[in-house]
Structure formats: structure tokens, C-alpha cells
Amino acid sequence: MMQYAIFDVDGTLLDSMFIWEEAVDRTLRQKGIVPEEGLIDAIMHMSMEEGAAYVKERYRLPESSEEILTGIVAVVEQFYREEAGFKKDVRALLDEFKNRNVKMVVATSGSAELAGAALERLGVRDYFLRIFSCGEIGAGKTQPDIFLKAAETLGSTPEETWVFEDAIHAVRTAKRCGFKVTAIYDESSKKDWEEIRSLGDVVLEEADSYMKFFEEQE
């Protein structure tokens, strides 16, 4: 049975992908700008810092990237601290992993602080050894850095470590590095689902309980 796991946050642990689109949308509309269709698709694979820089350049905003990022984070901060909830049966999966002494870390493209706040409120922050963010690592999930750093912290190799992910760019990267992947369905990645599921070693479809993971291991 598995001993090591790396979890994405948005769209994997938490039902929260929609808040990022809403935050970017609201930030631009407050400036009188109507966001183009597909903007969130363009930035979802980036770190928060990279996304803010992209929005600044794309819409020729006078504010610095740091100021834009501050505005976006202000919109989502309350959501994570007060509202964000688990996806279906995530708590049961995490409880079972804890009972089996599986070592776990988080690897998020979002804010480590906000992810930690949500997981603390939901009662599972201490299940994870570390929360890594792409911003801290200095590269988004199109690069292997965050996954390799997470495995280093776990004391594991990619071949013996499971990555739980919902986004195609992250799944591709993890597979390229030799990790085992549990492919998670999320509505935000619906258009990429066929490729995502084709790459997953375990596949959790839209209606599946996360506890199906154990059935696939038996």
C-alpha cells in the first residue's frame, strides 16, 4: 500500500476553483475592464505571482504586479478563511491515510497561507508535513520543481509517491517525472478530462467517491 502522497488544493482537496476566476474577474471589472473569455484558462497553470504579471501585461494595467496580486488575494482571502469546503469524501480519504500512517504534503499553485487557513478550519492542517506553493518554489506546475521538493520532504522517490491532481498541466508534469497520479475530476478541467483520465494511474470520475482509491489498490 502507498506510503507517500502529494495533494493539490484547488479542485482536488477543496471545491474552490471557481473563486479564482471570480476574483480575477471582479478585480478587472472594478477597473472598468471586461475580462476576455478564457482568461482563467490562460493563467490557471501559473503561480499567483506569474498570473498577476500576466494580467498586468495583458490589460496594460498601471499598477505593479504586486498590487494586482494584493487585490486578487483580498477577494479570495475571506472565502478560504470562512467558506471553502472539501470536495466529496476528501475528509474520509485523509482520515484513512492518517490512520495508515501515510506521509502527506500539499503542493499548491495558490497561496500556502490561505490553503493552510482553510485546512486548519476544516481540521486537517496537521495531517500534512508541509504546504508548498509554486510562489515559494519559484516555478509553476508545468515544471517539476514543486513535486520534487515535496518528495524530498516526504523522504520518497517519485516512483513510490502518489500525486493527487485535477489539472492537466500538473498531471503531465507529475507523470513525466515518474510519479503515480490519481486523476481527479473537476468541472474547471472538464475540457481536458479525457487526457487527464488517460494519464491517471487511478481515475476518480465526477460521481466517484474519493474512497474509490482504496478499491483500485486492492
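Note: the structure precedes this text.
Everything in this summary refers to the structure shown in the same document. (Residues numbered from 1 in each chain as written. Predicted model: local features only at pLDDT ≥ 70, side-chain atom pairs only at ≥ 80, totals over all residues. Heavy atoms only, no water.)

Right, let's get into helix α3 (residues 48-58). Regarding α3, the residues found buried are Met48, Gly51, Ala52 and Val55. Taken around the axis of α3, the buried residues stretch over an arc of 100°, which confines them to a single face. Considering only its buried residues, α3 is in contact with α1 (17-29), α2 (39-43) and α4 (65-82). Arg60 sits one or two residues past α3 and shows a positive phi near 50°. (Buried < 20%, exposed > 50% of the residue type's maximum accessible area, 1.4 Å probe, protein only. Helix = DSSP H or I, 4+ residues; strand = E, 2+ residues; numbered from the N terminus. Arc of directions from axis to C-beta. Contact = heavy atoms within 4.5 Å.)

Together, Glu49, Glu50, Glu66 and Glu67 make up a region of like negative charge exposed at the surface. Only α3 and α4 provide two or more residues apiece to the negative patch. Relative to the elements of secondary structure, Glu49 occurs in helix α3. Judged by its relative accessible area of 42%, Glu49 is partly exposed. (Patch = residues over 30% accessible without salt bridge, like charges linked within 9 Å, V, L, I, M, F, W, Y side chains within 5 Å. Areas by Shrake-Rupley, 256 points an atom, 1.4 Å probe, with all protein chains shown as cover. Salt bridge = Lys/Arg side-chain N within 4 Å of Asp/Glu carboxyl O. Lys, Arg positive; Asp, Glu negative; His and termini not counted. Charge placed at Lys NZ, Arg CZ, Asp CG, Glu CD.)

In this section: the side chain of Thr161. By secondary structure assignment, the location of Thr161 is in strand β4 (residues 161-165). A polar contact is formed between the side chain of Thr161 and the side chain of Ser156, at a distance of 2.6 Å. (Polar contact = N/O pair within 3.5 Å; in protein donor to acceptor, adjacent residues only side chain to side chain.)

Another point: the pairing of strand β1 (residues 4-7). On β1, burial covers both faces: Tyr4 and Ile6 on one face and Ala5 and Phe7 on the other are all buried. One ladder, built from four bridges, connects β1 with strand β2 (residues 103-108); its direction is parallel. From the neighbouring strand, Tyr4 faces β2, where its bridge partner is Lys103. Pairing geometry for β1 and β4, over four bridges, is parallel. Directly across from Tyr4, in β4, lies its bridge partner Thr161. (Pairing = 2+ DSSP bridges.)

Moving on, we get to the side chain of Thr27. Inspection of the secondary structure puts Thr27 in helix α1. Non-local contacts of Thr27, meaning those with residues more than four positions away in its chain, are made with Gly71, Ile72 and Val75.

So, on to the packing of α3 against α4. Here α3 crosses α4 at 110°, and the two axes come no closer than 8 Å. The pairing of α3 with α4 is recorded here as roughly perpendicular in orientation. At the point where α3 passes α4, the crossing takes the right-handed sense. From α3, Met48, Glu49, Ala52, Ala53, Val55 and Lys56 reach across to α4, where they touch Ser65, Ile68, Leu69 and Val73. Grouping the constituent residues of the contact of α3 with α4 by class yields seven nonpolar, one polar and two charged. (Axes fitted to C-alpha atoms, helices over the stretch in contact; angles between N-to-C directions. Parallel < 35°, antiparallel > 145°, perpendicular 65-115°, else oblique. Left-handed = near helix turned anticlockwise from the far one by under 90°. Nonpolar A, V, L, I, M, F, W, Y, C, P; charged D, E, K, R; others polar.)

To continue, consider helix α5 (residues 90-99). Listed as buried for α5 are Val90, Leu93, Leu94 and Phe97. The buried residues of α5 occupy one face: seen down the axis, they fall within an arc of 95°. Of the surrounding elements, those touching the buried residues of α5 are β1, β2, β4 and α11 (212-217).

Bringing the sheet that holds β1 into the picture now. Within the open sheet, the six strands sit side by side as β3-β2-β1-β4-β5-β6. Their pairing is parallel. Edge positions in the sheet fall to β3 (131-133) and β6 (202-204), since each of these pairs with one other strand and no more. Ignoring strand direction, the axes of neighbouring strands in this sheet form an average angle of 20°. Where β2 lies against β3, three bridges are found, and the strand directions are parallel. Paired with Val106 across the strands is Ile131, a residue of β3.

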